[in-house]
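What follows is each chain in one-letter form.
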Amino acid sequence: MPSADAADATPAAAPPPRAAISHVIFDMDGLLLDTEGFYTAVQEKILARYGKVFDWSVKAKMMGKTTAESTRILFEECGLTGLLTPEQFLEEREIMLKELLPTCVPMPGVVRLIHHLHSNGIPLAIATGTHEHHFALKAQNHQEIFSLMHHIVTGDDPVVKAGKPSPDIFLAAMSRFESDVKPGNCLVFEDAPLGVAAAKTAGMHVVMVPDARLDVSHHKEADQVLSSLLDFNPRDWGLPPF
């Protein structure tokens, strides 16, 4: 007869998975690739010339938005109107970004997770607000990641009528998988509050991996919040374990 100590040592049963996930969709900037710091540095440099400060309260509103919409928010929040035009700002920003973006590196845990899911037959896609020309700059040195994607939807795709927090881009990504996929079977990985809102509006489950500097008030809509993809446990979502 087993002792009480032996009974106490019996491992507890694993909790049931949060959902039956069959397909995974990734955001890119700040989630797969460490690019957000480039945008921050460039915008801080331009704004400093006009005595303006670019902080995280503004950045949180811009993350995940289209270029046009994020620029509008920046000008409105930082009082740039009359100091320079949006076109001048974007032209200067573009010159700096062309040098910086190809140097980006994957975020911690990304390569392991993508290879694991792909090798276990989980269809993967990317839904990124970035436009095709910037996507090419960011992805050019990381084909070991992007070649494993079933497809990629960028922010300038004609099907994407509105940027995040509209669900357009996630619904477009879901529709391009080969099988008839339901939103409730899709797991989205995001770092931006607007991206989380877009995925939830699409009816999908969301794991948020936010920047540590983002105020925790932006975490509440996500189904799960992690400090890094290294902390992701596929079992939580009924996916094959590492």
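Scoring rules and cut-offs
Residues numbered from 1 in each chain as written. Predicted model: local features only at pLDDT ≥ 70, side-chain atom pairs only at ≥ 80, totals over all residues. Heavy atoms only, no water. Helix = DSSP H or I, 4+ residues; strand = E, 2+ residues; numbered from the N terminus. Buried < 20%, exposed > 50% of the residue type's maximum accessible area, 1.4 Å probe, protein only. Pairing = 2+ DSSP bridges. Contact = heavy atoms within 4.5 Å. Polar contact = N/O pair within 3.5 Å; in protein donor to acceptor, adjacent residues only side chain to side chain.

1. Comments concerning the environment of Gln-88
Relative to the elements of secondary structure, Gln-88 occurs in helix 5 (residues 86-100). Looking at Gln-88, the relative accessible area reads 45%, which means it is partly exposed. Sequence separation between Gln-88 and Ala-136 is 48 residues, and the spatial gap between their C-alpha atoms is 23 Å.

2. Section: the pairing of strand 1 (residues 23-26)
Within a regular strand, side chains alternate between the sheet's two faces. The two faces of strand 1 match: His-23 and Ile-25 on one face and Val-24 and Phe-26 on the other face are all buried. Two strands pair when backbone bridges link them, and strand 1 and strand 4 (residues 186-190) are joined in this way by four bridges, in the parallel orientation. Across the sheet, the residue bridging to His-23 is Cys-186, located in strand 4. Two strands pair when backbone bridges link them, and strand 1 and strand 2 (residues 124-128) are joined in this way by three bridges, in the parallel orientation. Its bridge partner lying in strand 2, Phe-26 is registered against Ile-126.

3. A closer look at the environment of Cys-78
Following the sequence through the fold, Cys-78 ends up in helix 4 (residues 67-78). Taking C-alpha positions, Cys-78 is 9.7 Å from Asp-55, a pair spaced 23 residues apart along the chain. Cys-78 has contacts with Leu-47, Lys-52, Val-53 and Val-58, leaving out every residue within four places of it along the chain.

4. Side note on the side chain of Asp-29
Along the chain, the position of Asp-29 falls in the loop between strand 1 and helix 2 (36-48). Classification of Asp-29 as buried rests on a relative accessible area of 10%. Separated by 2.8 Å, the side chains of Asp-29 and Lys-138 make a polar contact.

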